[in-house]
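# Structural characterization, general
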Amino acid sequence: MAGNAENHIHHIRMLGVCGMGMGPLAVYLRRAGLEISGFDDAPAPPMSDILKNAGIKICSDIDAANPPAIVAHSNAVKPGNRQLEAATAAGARRILRGELLAECVREKQLVAVCGSHGKTTTSGMLIQSLLAAGEDIGYVLGGLYRDTSLPPANASAGNPWVVCEVDESDGTIKKFSPEITVVVNLDWDHPDYYKTEADLEQTFVELFARTKRAIFIPAQNERLTRLTKNAPVPVFTVGEEGDFRVRVAAGKSTETRIALSGKFPVAGEITLPVAGRFNILNAATALAVTAYIANRIGVEPLGKYSGICHRQDVLFESGGLRVMADYAHHPTEIGTLLRHLRESTLGKIVAVFQPHRYSRTLQYAGEFAASLAIADEVLLMPVYSAGEPLIEAGKTVCILNAVSKNEKTKFALFEDESALLAQLGGIIPGTAETTVVFIGAGNIDRTASNFVRDLLLSGARAGVPENVFSDRVRPLLSEETVLEKDFPLATKTTFGVGGAARFYAEPGSLEDLRVLLRAALLCDLPVFVLGRGSNVLVPDDGFPGLVIRLSQPRFQNIHVAGESVLRASGGTRLKELAARAARGGVTGFEFLDGIPGSLGGALRMNAGACGASIFDLVESVTWLSPDGVLHKKPREFFAKTGYRNCPELNGAIVLEAELKAAGNAEPDVVFQTMKSFSDRRRATQPREPSAGSSFKNPPGNFAGALIEKSNLKGFAVGGAQVSPVHANFIVNTGGATAGDIIELIRRVRGIIKAAHGIELEPEIVLLGKEWKDVL
């Protein structure tokens, strides 16, 4: 696919495009001149921003007018995936990510960086080292530089060299024939693919046999020395006793002075911006390969290298507490990491570990227990499956069971993140030095972020909320998040009345939402999630807490999740959801077109119209509880849901729902049904500002009919009036206050109770107050 690839490949769709394997490759291909589009279940910064800046669109559906020629995916994407099936049906060729990379670089002079761990770090160092030596190289990095100005991929039109890390996990390594092969280490891993250690070794023997020019390995590595014994090209070793000789002259916590000799073109001492034996060896390997290709190294040997994200990241450091995160997920690299920390710190080490894949956890339970025991305390999390089917014997508890009875290190398993964070909160030191390190390759970075968030918010409970939100919360939020104080809510409701919210926020991401919720909890502030404001009455004295509105693009997505199933975000407008369903030719959503609300609010109150309710469509709902814990439950969970009420979602912040269509029809037929509903509403409902139906229908009766029988149409208090068009609508005729509306509701209820013996219950939500307290 290199060279003249663009002549026969028009369009590539990449699934999971925001992942660290797929995203940089997408950028590389785009810069090579190919048309690239992507799909991701959870697109999020920074990768989503990188893709956007590269001109790569993240799409929800296959465009029939421009179907891809190729659909690329990882092994985590299983058969039956909707995007995969749709692309195949459109004639696209399926290809694994590793196979696509191999085709991309087939006509290039490939430097393949391989090994069980350290590939991304070594690749990142090698890329910057070659650039510093004046080589205009192409590259694909499986991670992001900490320096955000450095791209994760680059396609060079001039220099034929391209540097890529090549992964052995799924067997696609067999597709590569490198010019130079660099292997930083080799441990038996990926037992889900390689059934025996010999299978893995044979794969590397075959890779060495396909290598065209040179092989680089660590000095005194018995396994790699044995496997390269019959290699057809020169094998160079790197290390204290290697062909490219490196000796540590002096070291600090963040940099190391090393002496170069042997095959390096210039002997002498240089300073590297890295520390720790493992990082020094990786850097030395990068310099050795640079010297081989360019016959020189740069004045600044590693150029702009400043580290790779999620590799020994320092997330927080203050008052004797240091919080770090590392991508390690194999016992060898975990042991290397913890030994480095043990050598560089005199204080306590607390390791939080999330195992990656059930098969690996089962295979190395004993080794994990031994390597983690270098720490003083170990907090274990559930296995991150990475799409692998459950292996009961491979759950995290097998590590716990492998801990020696005489082990002094404290081990504990936490199934719940909140409990784990509470435990960590108890170890925050007074004066003792403590390092907390989050270790794993799954989504443990989110747990680490939540812990740091809590640290940064610590002390908020004793602070004035205004100061907390300005000084502590604002710096934790992305630029996309809106955060205002004393915000007028009348502009955000259909009634157009009421006072201000003490705080108002429109979060730009899920993590921003969690920060806001945590801050409100610490400050003891009430929280209200406002949708389209179509069923809410804001009191004239406003709301003394935090109002959150999910109006940012992150919370307004609609995807086709399966046959006749739509997956929609909580902030999605019901009108847009109905239109999307109609365009897809699915029925059952038509009644939503006339409800001026959002999906989240509709679910919380089981909104309905024209004889249908939103929960008639529900397959599952995903939401956050006020403490920031994520929940997802199927329709069966919501057993108490009834007329205009879903008690299971009281206080919840709905993030997403899967909704099942009633059936299928031609789009024109669906749109015609929607129009008939719309015409009926226009003929029977008022045009003036209102909040929809004012009262719930009592059992066996209709609120509007009862009010009309009592001759209350047109009855008014101030600027609030019972609509002359529909008696169950209270409208703002101009200049109404919330007090006017509340008083009108009070009087209508009193008249109906006296005339019919029925006590009407308001359907409108009174923000921050209970109706029973004001009526």
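Below or above, wherever it landed, is the structure these notes cover.

We now examine the environment of arginine 223. Here arginine 223 lies in helix 7 (residues 222–227). Measuring from C-alpha to C-alpha, the distance between arginine 223 and aspartate 524 comes to 59 Å, with 301 residues separating the pair along the chain. Every residue in contact with arginine 223, bar those within four places of it in the chain, is listed here: Leu186, Asp187, Trp188, Glu197 and Glu201. A polar side-chain atom of arginine 223 sits 2.8 Å from a polar atom in the side chain of glutamate 197.

Spatial ordering of the open sheet is given by 16-17-21-18-19-20, a layout of six strands whose pairing is mixed. Across the chains shown, the open sheet's two edge strands, defined by having one partner strand only, are strand 16 (313–318) and strand 20 (410–413). Sheet twist, expressed as the mean angle between neighbouring strand axes with direction ignored, is 15°. Looking at chain direction, strand 18 (residues 348–353) and strand 21 (residues 434–439) are connected through six bridges and run parallel. Residue pairing for strand 21: isoleucine 349 is matched across the bridge by threonine 435. Sheet contacts for helix 13 (residues 417–425): strand 18, strand 19 (377–380) and strand 21; angle to strand 19, the most-contacted strand, approximately 165°. Against the sheet, helix 14 (residues 444–457) engages strand 16, strand 17 (321–326), strand 18 and strand 21, with an angle of about 150° to strand 21.

This brings us to the sheet that holds strand 26 (residues 543–549). Read from one edge of the open sheet, four strands run 22-23-26-24, paired in mixed fashion. Each having just a single partner strand, strand 22 (482–488) and strand 24 (527–530) make up the two edges of the open sheet. With strand direction ignored, the average angle separating the axes of adjacent strands in the sheet is 30°. Of the pairings in the sheet, the one linking strand 23 (residues 500–506) to strand 26 comprises four bridges and is parallel in character. Residue pairing in the sheet places alanine 505 in a bridge with isoleucine 548 of strand 26. Sitting on the sheet, helix 15 (residues 465–473) is in contact with strand 22, strand 23 and strand 26, with an inclination near 20° to strand 23. Against the sheet, helix 16 (residues 510–522) makes contact with strand 22, strand 23, strand 24 and strand 26, and its axis sits at roughly 165° relative to strand 26, the strand it touches most.

The next subject is unusual backbone geometry. Here the phi dihedral of histidine 190 falls at roughly 60°; this positive angle occurs in a residue that is not glycine. For histidine 190, the position within the fold is in the loop between strand 10 (180–183) and helix 6 (197–210). Backbone geometry places asparagine 711, a non-glycine residue, at a positive phi of 55°. Positionally, asparagine 711 belongs in the loop between helix 20 (703–709) and strand 37 (716–717).

Thresholds, definitions, all that
Residues numbered from 1 in each chain as written. Predicted model: local features only at pLDDT ≥ 70, side-chain atom pairs only at ≥ 80, totals over all residues. Heavy atoms only, no water. Helix = DSSP H or I, 4+ residues; strand = E, 2+ residues; numbered from the N terminus. Contact = heavy atoms within 4.5 Å. Polar contact = N/O pair within 3.5 Å; in protein donor to acceptor, adjacent residues only side chain to side chain. Pairing = 2+ DSSP bridges. Axes fitted to C-alpha atoms, helices over the stretch in contact; angles between N-to-C directions.

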